[in-house]
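Summary of structural features
This is what each chain is made of:
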Amino acid sequence: GELDGPINRAYDAESPEGNLIADLMLAAHPKADVAMTNGGGLRADLPAGPLTYGAFFAAQPFDNRFAVVKVQGRHLRRLVTGNLYGASGIFSWAGMTVRARCQNGALEVDLFDRKGKAIDDDRGLTLVTSDFLASGGDGAIGRLGLAKDAVRLTDDLIREVVVARLKQRGGRLRAGDFYDPKKPRIDAPGKRPIVCAGKPSRRDDAAME
C-alpha cells in the first residue's frame, strides 16, 4: 500500500489513523458488527509514501491481541458516553457512528449501524477490540458488568493481522478515506471532556451508570 499523505493519529479526538485501524480490525472479523480501538494505543503517525512494517510497528508497538465481546446496544452507549465525558484516550469505532447532543444538561447519545439504522439498547452485537480493553484496560469494558463468557480472547496479534489486511488491500490510502471532519463518525458537541449546559461534567463512572 501507498499513503498519498500522512495518516495522523490523535490521542483524545477522532483521527484518520484510529478509524483506519478500527476498519481493519472489523475487516479481519467480518462476522462482528462493531470494532473499537483506543487513542492511547496509537504511538506514531503513518508517514506518506510506501507503507512499511516498521512504520506500522512504530504506530502500534503493543503486542495486543484480538478480543471478541458479546454486548448489547446499551453497553456500547455506555462506552461512548463515558468516553465523551472523560479525557482518557478516545475510542475509535468502525461499523458504527455516534451522534451526541446536550439535552437538559446531560449528553444524549444515539448510535447507528453501518446501514444507518439506529442501534437500540436491547440489540445484541459482536464487538471486536483488543485484549487490553476487553480485560479492563481504560476501565471501560470492565465496568459493563458483562458475563464472564461474554469475552473471548484470541491469540491473534492485532498488528500482524492488520498488516496482512493492508497488504491484501494494496492500492493507495488517503487520510480523507477514513476521517472527514464534515462527516465525523463521532458527531459530538465540542471537545472532550464534554460539559453540557455549563454544568460540571459527571465523572466517567457516573456516566457509566
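Refer to the structure presented above.
One structure accompanies this document, and this report is about it. Here the structure is a predicted model, which is why all the values come from computation and not from measurement.

Reading guide: rules and limits
- Residues numbered from 1 in each chain as written.
- Predicted model: local features only at pLDDT ≥ 70, side-chain atom pairs only at ≥ 80, totals over all residues.
- Heavy atoms only, no water.
- Pairing = 2+ DSSP bridges.
- Helix = DSSP H or I, 4+ residues; strand = E, 2+ residues; numbered from the N terminus.
- Axes fitted to C-alpha atoms, helices over the stretch in contact; angles between N-to-C directions.
- Contact = heavy atoms within 4.5 Å.
- Parallel < 35°, antiparallel > 145°, perpendicular 65-115°, else oblique.
- Nonpolar A, V, L, I, M, F, W, Y, C, P; charged D, E, K, R; others polar.
- Salt bridge = Lys/Arg side-chain N within 4 Å of Asp/Glu carboxyl O.
- Buried < 20%, exposed > 50% of the residue type's maximum accessible area, 1.4 Å probe, protein only.

A few words now on the pairing of strand β7 (residues 106-113). Note that strand β6 (residues 96-103) and β7 share 8 bridges and pair antiparallel. In the strand pairing of β7, R99 is matched with D110. Turn length for the β6-β7 hairpin, with the two strands adjacent in sequence and antiparallel, is 2 residues, and the turn residue N104 shows positive phi of about 50°.

As a further point, take the sheet that holds strand β2 (residues 34-38). Spatial strand order, β5-β2-β8-β4-β9: 5 strands in an open sheet with mixed pairing. The open sheet is flanked by β5 (91-94) and β9 (151-157), the only strands paired with a single partner. If you compare each strand with its neighbour and ignore which way they point, the axes differ by 25° on average. Relative to β5, β2 runs antiparallel, the two being bridged by 4 bridges. Paired with M36 across the strands is W93, a residue of β5. Sheet strands in contact with helix α1 (residues 16-28) are β2, β4 (65-72), β5 and β8 (124-130), and its direction is about 140° off that of β2. Packing against the sheet, helix α3 (residues 73-85) makes contact with β2, β4, β5 and β8, and its axis sits at approximately 115° to β4.

Another point: the packing of α1 against helix α5 (residues 158-169). Where α1 contacts α5, the two axes come as close as 9 Å, and the packing angle between them is 90°. Taken as axis vectors, α1 and α5 run roughly perpendicular relative to one another. Contacts from L24, M25, A27 and A28 in α1 reach I158, V161, V162, R165 and L166 in α5. The class makeup of the residues in the contact of α1 with α5 is 8 nonpolar, no polar and 1 charged.

This paragraph deals with unusual backbone geometry. Between R192 and the following residue, P193, the backbone shows a cis peptide bond with an omega angle of -10°. For P193, the position within the fold is in the loop between β11 (186-187) and α6 (204-208). The backbone of N104 sits at a positive phi, close to 50°, despite the residue not being glycine.

Further remarks concern the pattern of salt bridges. Under the criterion given, the structure shown has 11 salt bridges. Residues D4 and R172 are paired through a salt bridge, measuring 2.6 Å at the closest nitrogen-oxygen approach. Taken together, the positions of D4 in the loop between β1 (2-3) and α1 and R172 in strand β10 (residues 172-173) put the pair 168 residues apart, joining distant regions of the chain. D4 sits in the partly exposed class, given a relative accessible area of 36%. Where D113 meets R123, a salt bridge forms, and the shortest distance between an N and an O atom there is 2.8 Å. Note that D113 is positioned in strand β7 and R123 in the loop between β7 and β8, a separation of 10 residues in sequence. For D113, a relative accessible area of 13% gives the class buried. R123 gets classed as partly exposed once you look at its relative accessible area, which sits at 23%.

Function cannot be read off these values alone, since they describe shape.
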